[in-house]
Amino acid sequence: MSEIKGYIHSIQSLGTLDGPGVRFVVFLQGCNLRCKCCHNPDTWECGGKEYTPEEIVSRVLRFREYFGRDGGITLSGGEPLLQADFARRVFEMCHGEGINTCLDTSGSVLNEKTKSLLEHTDRVLLDIKYTNDADYRENAGCSMRAPMDFLKYLNEKSIPTTLRQVIIPTVNDGEENILALRDIVKAHACVDKVELLPFRKICQVKYDNMGIEFPFGHLPEPTRDKMAELEGMLR
Ligand code: SF4
């Protein structure tokens with residue numbers, strides 16, 4: 001058995017929202033950012049249940065008949081790049097079984113370990129949270145340079161990439177942001193899909209249970225019409 005352990009928050013056996021097709025989604029524990037819109041604050045701190053890569057892959061294999069042509073495994077979080085050794089081993093083993101691998105990340109860590117993980121990654125779901133550095137620093141806790149360097153690397157390696165952005169009323173739902181996002185897409189040939197996701201506040205209960213403030217809890221959720229308008233602008 002492997003010496004490498006992963007710290008897992010939770011597992012969704014058959015997910016359809018995090019990557020192509022039907023996917024086995026593993027949410028890793030621990031995150032280096034503190035996004036004010038975060039819907040998983042319970043994944044921030046390190047800890048969680050320990051699994052070996054073998055334990056995860058044996059569970060994935062039980063669901064392989066549901067994956068079809070496009071599905072597979074997605075590692076999400078939290079931030080899976082913080083457990084790059086574990087994630088790389090899981091993906092490497094999945095590739096050995098012919099299972100598609102997908103990484104859902106903020107793209108805030110690029111080093112030799114995360115580059116090694118990307119060698120076994122079939123698709124990246126990259127959250128581009130904002131399109132300017134001030135918003136990144138104010139609302140996510142890192143500079144915009146980190147995800148942009150990550151995206152540049154994905155482009156160099158031609159790793160298929162889905163860009164995702166959570167649309168938050170009054171913060172990033174303006175035309176300027178969408179046009180800037182469009183420019184980012186155009187400049188990176190690896191990006192073959194863009195998803196705008198509506199900001200949701202269903203996570204308020206998690207903040208309440210943790211006894212901490214939901215920083216964007218006072219903001220409204222975007223309307224369906226607004227999302228459609230922004231989608232139109234993006235295309
Ligand atoms: S990167 Fe994701 S998990 Fe981490 S704080 Fe931001 S939204 Fe939450």
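Refer to the preceding data block for the structure.
Residues numbered from 1 in each chain as written. Predicted model: local features only at pLDDT ≥ 70, side-chain atom pairs only at ≥ 80, totals over all residues.

Trainee: I'm lost on the packing of helix H7 (residues 175-186) against helix H9 (residues 224-234) in this one. Help?
Mentor: To describe two helices that pack against each other, one gives the angle between their axes and the distance between the axes. It is at 9 Å that the axes of H7 and H9 come closest, and there the two elements cross at 40°. Looking at the two axes, H7 sits oblique to H9. Of the two possible hands of crossing, H7 and H9 adopt the one that is right-handed. Here Glu175, Ile178, Leu181 and Arg182 of H7 come into contact with H9, specifically with Leu230, Met233 and Leu234. In the contact of H7 with H9, the residues fall into 5 nonpolar, no polar and 2 charged. (Axes fitted to C-alpha atoms, helices over the stretch in contact; angles between N-to-C directions. Helix = DSSP H or I, 4+ residues; strand = E, 2+ residues; numbered from the N terminus. Parallel < 35°, antiparallel > 145°, perpendicular 65-115°, else oblique. Left-handed = near helix turned anticlockwise from the far one by under 90°. Contact = placed C-beta atoms within 7 Å. Nonpolar A, V, L, I, M, F, W, Y, C, P; charged D, E, K, R; others polar.)

Trainee: Just checking my understanding: could you explain the pairing of strand S1 (residues 6-15) for this structure?
Mentor: On a regular strand, each side chain points to the face opposite its neighbour's, so the side chains alternate between the two faces of the sheet. Looking at chain direction, S1 and strand S3 (residues 49-51) are connected through 3 bridges and run antiparallel. Residue pairing across strands places Gly6 opposite Tyr51, the latter belonging to S3. When S1 meets strand S2 (residues 23-28), the two strands line up antiparallel, connected through 5 bridges. Each bridged residue has a counterpart across the sheet, and for Ile11 the counterpart in S2 is Val26. (Pairing = 2+ DSSP bridges.)

Trainee: Please clarify how the environment of Phe150 should be interpreted in this entry.
Mentor: Along the chain, Phe150 falls in helix H6 (residues 145-156). With 18 residues separating them along the chain, Phe150 and Asn132 place their C-alpha atoms 16 Å apart. Not counting chain neighbours up to four residues away, the residues in contact with Phe150 comprise Gly107, Leu110 and Leu126.

Trainee: What is the right way to read the pairing of strand S7 (residues 161-167) from this model?
Mentor: Summarising burial for S7: 6 of the 7 residues are buried, a large majority. Here 4 bridges tie strand S6 (residues 123-127) to S7, and the two strands are oriented parallel to one another. What sits directly across from Val124, in S7, is Thr161. Relative to strand S8 (residues 191-198), S7 is paired through 7 bridges, and the arrangement is parallel. Within S8, the position partnered with Arg164 by the bridge is Glu195. On the question of chirality, the crossover connecting S7 to the parallel S8 by way of H7 is right-handed. (Buried ≥ 20, exposed ≤ 12 C-beta atoms within 10 Å, placed from the backbone. Right-handed = clockwise from strand over helix to strand, strands pointing away.)

Trainee: Can you help me understand unusual backbone geometry in this one?
Mentor: Most peptide bonds take the trans form, and the phi angle of most residues other than glycine is negative. Each neighbour pair has its own omega, and for Gly77 with Gly78 the value is 10°, a cis peptide bond. Within the secondary structure, Gly78 sits in the loop between strand S4 (72-76) and helix H3 (84-96). We note that Thr170 has phi near 70°; this positive angle belongs to a residue other than glycine. With respect to the secondary-structure elements, Thr170 resides in the loop between S7 and H7. According to the C-beta neighbour criterion, Thr170 is exposed, with 10 such atoms within 10 Å.

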